[in-house]
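# Architecture at a glance
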Amino acid sequence: MSHETAVLIVDDKRHFDFMAPIVSRELHTARLVHADSFEEALLVLRSHEALDLVFTDWSIAGADFARALRNDPETHHTPLIAMSRSDTDALVAAALRAGANDHLVKPFLEKALVAAIRRITKNRERRHRRRVRPVGTNWVGVDLSDREERLELVDISLGGCRVRAPEALQAQFPIYRQVTVSLDHAGAPLRLSAEIIRLSHDPEGGPHAGTVMITVRFTDLSEAGDTLKQLLDDLRERWSERG
């Protein structure tokens, strides 16, 4: 079963009722969570609700709530849109420093809300489509149905990954062969259905002489897509910090 997008809106009931149908339509979800106080918003975080997007009125749940959101590993990367009746440079800068990704000035019309949602979703999708290149040597398992090969990961994105393999194994990786890629996530294997779409020389040559580059496309993310997105965020942060 695929994950249904969940959205937390921290605001009074009137604003929630205005926002809910618009957010639901734009994100194709019925999982809308309402909190009208800082305390209720914290309770939602502590309930380990899998949140994909958070809106908060900055006067109700501001910097302290944003820091709590960012300090929780489960919501560390969750987009946060701050809402306020002021758009002073100081307030917007403070919200961004605390962890907000965007800002809306109240009262706002449907058009402004839709634009903010689309900015967030577009930015996240662009982020996940970018390839993440590991720092150091990292390994993935490629299951060929009769056995699993442990190969070096070159880079990975939401669409697929590239791995490096010894030339002696290239006959085992014909184009369009169906494989399963195994990645480690939080100490447990993440298994992804995939197919081989390209076999080429290793452009780095030199120290990797005698190797080939294999490009793999992920074919079914209905079950594991959200976990892969979280993994990409974790890897991107870890590897960029090390780099």
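Anyway, here's the lowdown on the structure attached to this text. Small disclaimer: the values here were computed from a predicted structure and weren't measured.

### Regarding a negative patch on the surface
Taken together, the side chains of Asp 12, Asp 36, Glu 39 and Glu 40 present a region of like negative charge at the surface. Residue position: Asp 12 is located in the loop between strand E1 (6-10) and helix H1 (13-27). Owing to a relative accessible area of 31%, Asp 12 belongs among the partly exposed residues under this scheme.

### Considering the environment of Asp 72
Structurally, the position occupied by Asp 72 is in the loop between helix H3 (63-71) and strand E4 (80-84). Along the backbone, Asp 72 and Leu 45 are 27 residues apart, and their C-alpha atoms lie at a distance of 8.1 Å.

### Examining unusual backbone geometry
Omega for the peptide link from Lys 106 to Pro 107 comes to -5°, which places this bond in the cis form. Residue His 28 is not a glycine yet carries a positive backbone phi of 55°. Inspection of the secondary structure puts His 28 in the loop between H1 and strand E2 (31-35). Judged by relative accessible area, which is 68%, His 28 ranks as exposed. Positive phi outside glycine occurs at Tyr 176, with the angle close to 75°. With respect to the helices, strands and loops of the structure, Tyr 176 is situated in the loop between strand E8 (160-166) and strand E9 (178-185). We classify Tyr 176 as exposed; its relative accessible area is 59%.

### Regarding the pattern of salt bridges
A side chain with one charge can pair with a side chain of the opposite charge if their charged atoms come near. Evaluation of the coordinates by the stated rule reveals 13 salt bridges. Taking the shortest distance from any N to any O, the salt bridge between Asp 11 and Lys 106 comes out at 2.9 Å. One end of the pair, Asp 11, is in the loop between E1 and H1; the other, Lys 106, is in the loop between strand E5 (102-105) and helix H5 (110-129), and 95 residues separate them in sequence. In this structure, Asp 11 and Lys 106 share a single accessibility class: buried.

### Some words on the environment of Val 44
Mapped onto the elements of the fold, Val 44 is located in helix H2 (residues 38-46). Here the alpha-carbon distance between Val 44 and Leu 8, two residues 36 residues apart in the chain, equals 8.3 Å. If we skip the residues at most four places from it in the chain, Val 44 touches Leu 8, Val 33, Glu 49 and Leu 51.

### Concerning a nonpolar patch on the surface
Taken together, the side chains of Ile 175, Tyr 176 and Leu 199 make up a nonpolar region of the molecular surface, amounting to roughly 290 Å² of accessible area. Looking at the secondary structure, you find Leu 199 in strand E10 (residues 188-201). Owing to a relative accessible area of 31%, Leu 199 belongs among the partly exposed residues under this scheme.

### Quick notes on the side chain of His 15
With respect to the helices and strands, His 15 occurs in helix H1. For His 15, a relative accessible area of 9% translates into the label buried. Beyond its immediate stretch of four places on either side in the chain, His 15 contacts Arg 85 and Lys 106.

Conventions we followed
- Residues numbered from 1 in each chain as written.
- Predicted model: local features only at pLDDT ≥ 70, side-chain atom pairs only at ≥ 80, totals over all residues.
- Heavy atoms only, no water.
- Patch = residues over 30% accessible without salt bridge, like charges linked within 9 Å, V, L, I, M, F, W, Y side chains within 5 Å.
- Areas by Shrake-Rupley, 256 points an atom, 1.4 Å probe, with all protein chains shown as cover.
- Salt bridge = Lys/Arg side-chain N within 4 Å of Asp/Glu carboxyl O.
- Lys, Arg positive; Asp, Glu negative; His and termini not counted.
- Charge placed at Lys NZ, Arg CZ, Asp CG, Glu CD.
- Helix = DSSP H or I, 4+ residues; strand = E, 2+ residues; numbered from the N terminus.
- Buried < 20%, exposed > 50% of the residue type's maximum accessible area, 1.4 Å probe, protein only.
- Contact = heavy atoms within 4.5 Å.

On their own, these measurements won't tell you what the molecule is for.
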